[in-house]
Amino acid sequence: MTTTTTTTTPVAKRYELGARAASGRYPVATLDGRPAGDIHRFHGEWYARPQGHAEESRHGDKDAAAKHLVDLVDSGATDPAAVPAKAPATAAQGIVPWLSPRLKPTRRNILSAGIALARVAELAWLPEDEDGNTTGYPGSDNPWMLKCLLSGHYVMRWWSHLRGRNGDNTPRPVWRHEGCIDFEDQAAKVAALVGEPPSVCPCQEVTHPTAAEDIGKLLDQAERARKADDIDTLRPLLTQLLAPCPASSSRAESMKTFLPKPKN
């Protein structure tokens, strides 16, 4: 009996992928060096932004995203000489700057954001990019641009690493980043910067709740506003729940009471 073996010729890659930038984006170019745009991963999917444009398209994997950009250049749909456009700050920030516009302001996302924002403040990180824009909580397994308040460096971090594991709040890794101050001096400087946080909001313009009862009421109001697509009502509620506050640690502790209980 004769068997026939078939071989599949691999499809030649039509793009060059550059090193990942601090923003988490990979520059894409055609094989002859023409810039095509950039791609990045978010929640398991890949997004492609053509050169000179701010809008993005969603794709199933890295290769599909990069190939889409090269196809646009080859078809003449984009100008490879164009300077990449920068999205307006308001568009990048969404409803409020403390929650990524890619995360819907659901009850769970609000709670996760409030807890994460409080913790990064305790660790002397500031959610901010190199242009001074606030970077909203992007989800636990997506890159988050933070400013290290110990050294002034801007570093990409993941909340799933900063929050610790199995009830241990110690970040993984404990080491902060290349170029930070000496490890032996870090704990003392964090303590000096953070100080002893108050248990009640001292802010003048906006009152941020720290009691679970008050947080629960705001969460219910935010959910109704979200379902009604009432952004004008939702924005101040999110500000109370997520905006920076010296008592954000107490607010986060109360928020944790609303999280689903782990199954035994």
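In this text the structure is predicted, and so the values were computed from the model without any measurement.

## What to know about unusual backbone geometry
Trans peptide bonds make up the majority, and among non-glycine residues the majority have a negative phi. In the Ramachandran plot, Ala 124 falls in the positive-phi region, its phi being about 65 degrees despite a non-glycine side chain. With a phi angle near 55 degrees, Asp 229 is a residue other than glycine that sits in the positive phi range. Examined against the element boundaries, Asp 229 turns out to sit in the loop between α6 (212-227) and α7 (231-242). Residue Asp 229 is classed as exposed on the basis of its relative accessible area, which comes to 61%.

## Looking at the packing of aromatic side chains
Following the criterion strictly, the structure yields two aromatic pairs and no others. Centroid distance Tyr 137 to Trp 144: 5.6 Å. Interplanar angle 75 degrees. Geometry classified as edge-to-face. The residues Tyr 137 and Trp 144 share a single accessibility class, namely buried. Directly above the aromatic system of Tyr 26 lies the positively charged group of Lys 62, at a separation of 5.1 Å from the ring centroid. Looking at Arg 102, its charged tip hangs above the ring of Tyr 47, at a distance of 4.3 Å from the centre.

## Describing the nonpolar core
In terms of nonpolar packing, the biggest core is built from 40 residues, with Trp 125, Tyr 137, Trp 144, Leu 241 and Leu 242 touching the most fellow members. Those elements giving two or more residues to this core turn out to be α3 (107-122), β7 (144-148), α4 (159-162), α6, α7 and α8 (248-256). Element by element, the count of residues in this core is highest for α3, at eight residues. Every residue in contact with Leu 241, bar those within four places of it in the chain, is listed here: Ile 110, Pro 209, Ile 215, Leu 218, Leu 219, Arg 251 and Met 255.

## Some points on the sheet that holds strand β3 (residues 35-42)
If you trace the five strands from one edge of the open sheet to the other, you get β1-β2-β3-β4-β5, paired in antiparallel fashion. Of all the strands in the sheet, just β1 (15-17) and β5 (57-59) have a single pairing partner and so form its edges. The mean inter-strand angle of the sheet, taken between neighbouring strand axes irrespective of direction, is 30 degrees. Pairing geometry for strand β2 (residues 26-30) and β3, over four bridges, is antiparallel. Looking across to β3, one finds that Pro 27 is bridged to Asp 38. The strands touched by helix α1 (residues 62-75) are β1, β2, β3, β4 (45-50) and β5; relative to β3, the strand with the most contacts, the crossing angle is about 155 degrees.

## A short note on the state of the cysteines
All told, the structure shown has zero disulfides when counted by the stated rule. Here Cys 180 stays unpaired: no disulfide links it, and the sulfur of Cys 148, its closest cysteine neighbor, is 3.9 Å away. Cysteine Cys 203 shares no disulfide, and the gap to the nearest cysteine sulfur, in Cys 201, comes to 3.7 Å. The partly exposed category is assigned to Cys 203, whose relative accessible area is 26%.

## So, the pattern of salt bridges
Inspection of the entire model under this criterion finds 17 salt bridges. Residue Arg 14 is joined to Asp 74 by a salt bridge in which the shortest nitrogen-to-oxygen separation is 2.5 Å. Here Arg 14 is found in the segment before β1, whereas its partner Asp 74 is found in helix α1, with 60 residues between them in sequence. Here the salt bridges share partners, and the residues they tie into one network are Arg 14, Asp 32, Arg 34, Lys 67, Asp 71 and Asp 74.

## Some details on the confidence of the model for the chain
In this model, the chain carries an average pLDDT of 86, and 87% of its residues clear a pLDDT of 70 or more. In the predicted structure, residues 6-11 sits below a pLDDT of 50 and forms zero contacts with residues beyond four places in sequence or in another chain. Across residues 85-92, confidence stays below pLDDT 50; counting only partners more than four residues off in sequence or on other chains, it has nine contacts.

The rules behind these values
- Residues numbered from 1 in each chain as written.
- Predicted model: local features only at pLDDT ≥ 70, side-chain atom pairs only at ≥ 80, totals over all residues.
- Heavy atoms only, no water.
- Helix = DSSP H or I, 4+ residues; strand = E, 2+ residues; numbered from the N terminus.
- Buried < 20%, exposed > 50% of the residue type's maximum accessible area, 1.4 Å probe, protein only.
- Phe/Tyr/Trp six-rings, centres within 6.5 Å; stacked < 30°, edge-to-face > 60°.
- Lys NZ or Arg CZ within 6 Å of the ring centre and 35° of its normal.
- Core = buried A, V, L, I, M, F, W, Y, C linked by side-chain atoms within 4.5 Å.
- Contact = heavy atoms within 4.5 Å.
- Pairing = 2+ DSSP bridges.
- Axes fitted to C-alpha atoms, helices over the stretch in contact; angles between N-to-C directions.
- Disulfide = S-S within 2.5 Å.
- Salt bridge = Lys/Arg side-chain N within 4 Å of Asp/Glu carboxyl O.
- pLDDT = per-residue confidence, 0-100.

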